[in-house]
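Residues per chain are reported as follows:
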Amino acid sequence: MAHAMSITDGTTTFSLSTTNAYLQRYVPVEPTKDDASVTETIDLTFYGATTSAMQTAMQTLGRLLDTMRRRRAIGVGPRVYLQWQPDGDATTWRSELLDARIEYQDDTLSAWGQAKSPASLSIERVPYWEGALTQLPLTNANGTSNTSGLTIWNHDDSGAGHDNYVQIAGASVTGTIPAPVMVELTNATGSAQTYDAIYMATNAFCDPANLTHSLEAESIVVSTYYDSIGSNADSSNGQYVVKSITGTYRQFFDLSAALMADTMGHDFHLLARFRNAGTMYVRPSVWDASGAVQLRAGDEVEFTGSTNQLVDLGVIPLPPGGYGTTYGAQRLSLYYRPTGTISVQLDSFLLFPAVAFRRLTPVGSIANGAKITDDPIEDRAYITASSVDRPGVVRRSGPVMVWPNTLQRIYFAWALSNATAPIDQTFTVKAWYRPRRVSF
C-alpha cells in the first residue's frame, strides 16, 4: 500500500494521492513543546483526462480551502482536515487545517497541455494527528469494561457499587500524547433534574487505583475540633461532623502520609459537602502535621447555608512544596467566618485533580433518560432528549483528558440548582476519545 493523503470537510473529500492528484513528497513536521501549529509543504501534481477535468479537480480543492478559511474567520462551519494514512498503517489519521495555499511551480504552464500541473500545497495545521473516534471501556464496582453505560453515584463510600468514578485501563488509550475525552452522561435518577454544576476530573498521575479521593469528615477530623458525629442516610457513609461556631473558628483534619505519598504535590480542587450550616465564608489551607505552621492558604469562598450543598473550595497543592513521594502527614484546615452563631455539619471532601478538571452547567431541566454530552474533540456540548440535540450546556475549565498507556480514573460529582447534592442520585456514563500523536 502506498501512502494515502486527502483533504476533507466531512462531506467532500479530495485525494492528494490517487484520483486527479498524485503525491510526490511529504515530510511531517514534529512540533516543539510550545508550538500552537506546524507549517509543512506537500508536493503534488494535478492531472486529468483533459485539462478541463484537471481544472475541475483543482477547483474542488480550492473550495475546500475556502471552507477552511471561512471557519477560521467566523468560528463556525465544518472543520477541514488533512487526512494521512502512511504505508502499512491501519489507521487514517487527521489533523485540522488552519491555513493553506496552492503554489504552482515554474513548469506548470509547459505541462498544462498534457493535463498535468505540478504544484506545492503549503499548509498550517494543528500540531498533532488524531485517529478514529474510539469508545473507552469503563470499569468500577458496577461493571467491568462497560460500553453500554456504567452507573456512577453522587458520592463514593463503602456502600455496594457506590462509586463516583470510572476506571480506564492503560491499554485502552493509545497514541503518544494526551487526548480530550467526549463524555456522555445519562440522567438515571428516575425523574427530571435541574443541575447547577457537574464536576469531572481525570486522575492519571496520583496512584489512581489506590488514591483515597473521597475523605469522610468524621474519619479525619482532629478530635478536639468537633462537638459530635451525626448519623443520617443522606450523608456519605451515613455520618457527618457537627461543630457549633460563634465568631471565627479553625477546624483541622488529618491528611495521612499515605495520602500525601499518593497526591505527590499535585494541585487539587477541594470539593466539600456540607450537610448543613448557616451563612458563612470558608477558607481552606494546608498545615504541618501538628497544626502549628500554615504551609499554604487558599481563597475564601462564600457558603449560603443550603442543606447538602457541594462547594468547590478552590485549588490547593497537596502537599505544598512541589512534586515528591516521601512527604509525611499534613493537616487540612477550614477557617470559618460566619454570620452569627451557626452549626456546621460537614459530610465529606472530594479531591479532584486540577490538571484535567471540567465544570458543566446544563441549562434547564434534564428529563430522566436524557443525555448531557461534553464533546471537546469537536468543541461543543449539548443535551439530547427524544433524539433532539439542544446546545444548553455551559463549559468551564478543562477539558477532561486521557493519557496513553496509563491506568487512570475520571471522577464525577454534581449539585442541583437548589444548591443540594443528593448522594442517592446516579448517572450512567459513556466515553470516547481520538488517539493523538505528533508524527509517525
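Check the entry above for the structure.
Overview of the structure. The model shown is predicted, which means the values in this text are computed figures rather than measured ones.

1. Some details on the overall build of the chain
Piece 1. Tallying secondary structure elements over the chain gives four helices and 35 strands in all.
Piece 2. For the chain, the spread of C-alpha atoms along the principal axes amounts to about 95 × 50 × 40 Å.
Piece 3. Burial analysis of the chain (440 residues in total) assigns 54% to the buried set.
Piece 4. Sequence-distant contacts, at least 24 apart, represent 76% of the contacts inside the chain between residues at least 6 apart.
Piece 5. Working note: accessible area of the chain is about 18,200 Å², and carbon and sulfur atoms make up 48% of it.

2. Quick word on the side chain of Asp375
Piece 1. For Asp375, the position within the fold is in strand S28 (residues 371-375).
Piece 2. Of the polar contacts made by the side chain of Asp375, one reaches the backbone nitrogen of Glu378; its length is 3.3 Å.

3. Considerations on the nonpolar core
Piece 1. Of all hydrophobic cores here, the largest spans 48 residues; its most connected members are Phe274, Tyr336 and Phe349.
Piece 2. Sort the elements by how many residues they give to this core and strand S26 (residues 341-353) lands first, with seven residues.

4. Brief notes about empty space enclosed by the protein
Piece 1. Taken as a whole and assessed by the stated rule, the structure comprises one cavity of 30 Å³ or more.
Piece 2. Every residue lining the largest cavity is listed: Asn154, His155, Asp156, Ser214, Ser236, Leu271, Arg273, Leu310, Ser348, Leu350, Trp414 and Ala421.
Piece 3. Looking at the lining of the largest cavity, the elements that each hand over two or more residues are strand S20 (266-276) and S26.
Piece 4. A per-class count over the lining of the largest cavity returns five nonpolar, five polar and two charged.

5. Topic: helix H1 (residues 51-74)
Piece 1. With 24 residues, H1 extends 35 Å from end C-alpha to end C-alpha; this agrees with the ideal 34 Å at 1.5 Å per step.
Piece 2. Considered for burial, the residues of H1 that qualify are Met54, Ala57, Met58, Thr60, Leu61, Leu64, Leu65, Thr67, Met68 and Arg71.
Piece 3. Just downstream of H1, Gly75 is the residue with a positive phi angle, here 85°.

6. Describing the packing of aromatic side chains
Piece 1. Taken as a whole and assessed by the stated rule, the structure comprises 14 aromatic pairs.
Piece 2. On the numbers, 5.4 Å between centres and 90° between planes, the contact of Phe252 with Trp287 is edge-to-face. Taken together, the residues Phe252 in strand S19 (residues 249-255) and Trp287 in strand S21 (residues 280-288) connect sequence positions 35 residues apart. Comparing Phe252 with Trp287 shows no difference in burial state: the two are buried.

7. Remarks on the pattern of salt bridges
Piece 1. Summed over all chains, the structure comprises 18 salt bridges.
Piece 2. Here Arg94 and Glu378 are joined by a salt bridge, their closest N and O atoms 3.0 Å apart. Separated by 284 residues along the polypeptide, Arg94 in strand S6 (residues 93-104) and Glu378 in the loop between S28 and strand S29 (380-385) bring together distant segments of the chain.
Piece 3. Since its relative accessible area comes to 27%, Glu378 is described here as partly exposed.
Piece 4. Here Arg337 ties to Glu300 by a salt bridge, and the two come within 2.8 Å at their closest N and O atoms. With a gap of 37 residues between them, Arg337 in strand S25 (residues 330-338) and Glu300 in the loop between strand S22 (294-297) and strand S23 (301-303) connect regions that are remote in the sequence.
Piece 5. Taken together, the salt bridges that share partners define one network made up of Arg79, Arg94, Glu96, Glu130, Glu378 and Arg436.

8. Some points on the pairing of strand S15 (residues 195-203)
Piece 1. Of all nine residues making up S15, eight are buried, and the element is well covered by its neighbours.
Piece 2. Both S15 and strand S27 (residues 357-362) contribute to a ladder of four bridges, which runs antiparallel. The partner of Tyr199 across the bridge, within S27, is Arg359.

9. Things to note about unusual backbone geometry
Piece 1. Looking along the chain, the bond that leaves Leu318 and enters Pro319 is cis, with omega of -15°.
Piece 2. One can find Pro319 in the loop between strand S24 (309-318) and S25.
Piece 3. Positive phi values are uncommon outside glycine, yet Ser397 reaches one of about 60°.
Piece 4. Along the chain, Ser397 turns up in the loop between strand S31 (393-396) and strand S32 (401-402).

10. Topic: the side chain of Thr67
Piece 1. Note that Thr67 resides in helix H1.
Piece 2. Thr67 sits in the buried class, given a relative accessible area of 11%.
Piece 3. Non-local contacts of Thr67, meaning those with residues more than four positions away in its chain, are made with Asp9, Pro78 and Val80.

11. So, the environment of Gly314
Piece 1. Counting through the fold element by element, Gly314 comes out in strand S24.
Piece 2. C-alpha of Gly314 to C-alpha of Asp267: the two residues are 47 residues apart in sequence and 9.9 Å apart in space.
Piece 3. Dropping the residues within four chain positions of it, Gly314 is found in contact with Phe268, His269 and Leu270.

Cut-offs and rules
- Starting from 1, residues in each chain are numbered consecutively following that chain's sequence as written.
- Under the rules for a predicted model, residues below a pLDDT of 70 receive no local features and side-chain atom pairs below 80 are neither given nor counted, while totals for whole chains, interfaces and linings still include all residues.
- Excluding hydrogens and water, the side-chain values take into account all heavy atoms of the structure.
- Helix and strand assignments come from DSSP, with helices taken as H or I runs of at least 4 residues and strands as E runs of at least 2, each series counted from the N terminus.
- Here the term buried applies to any residue with accessible area under 20% of the maximum for its type, exposed to any over 50%, and partly exposed to those in between, with areas from a 1.4 Å probe on protein chains only.
- Contact criterion: two residues are considered in contact whenever any of their non-hydrogen atoms come within 4.5 Å of each other.
- Here, Shrake-Rupley sampling with a 1.4 Å probe gives the accessible areas, and only protein chains in the shown set may cover a residue.
- In protein, a polar contact requires one atom able to donate a hydrogen and another able to accept it; more generally it is a pair of N or O atoms within 3.5 Å, and residues adjacent in sequence count only if both atoms are side-chain atoms.
- What makes a nonpolar core is a set of buried Ala, Val, Leu, Ile, Met, Phe, Trp, Tyr and Cys residues whose side-chain atoms join them at distances within 4.5 Å.
- Cavities and pockets are defined on a 1 Å grid built over the protein atoms alone: a cavity is a set of grid points where a 1.4 Å probe fits but cannot escape, while a pocket is an open set with protein on both sides within 12 Å along at least five of seven lines, and lining residues are those with an atom within 4 Å of any such point.
- Grid points are joined across faces, edges and corners, and a volume is the space filled by probe spheres set on the points.
- Residue polarity follows a fixed list, in which Ala, Val, Leu, Ile, Met, Phe, Trp, Tyr, Cys and Pro are nonpolar, Asp, Glu, Lys and Arg are charged, and the others, Gly among them, are polar.
- An expected span of 1.5 Å times one less than the residue number is assigned to each helix.
- Here the aromatic set is Phe, Tyr and Trp, taking the six-membered ring for Trp, and pairing holds for ring centres within 6.5 Å; pairs whose planes are under 30 degrees apart are stacked, those over 60 apart are edge-to-face, and all others are tilted.
- We define a salt bridge as a contact between a side-chain nitrogen of Lys or Arg and a carboxyl oxygen of Asp or Glu at a distance within 4 Å.
- DSSP bridges decide pairing: two strands pair if at least two such bridges lie between them.

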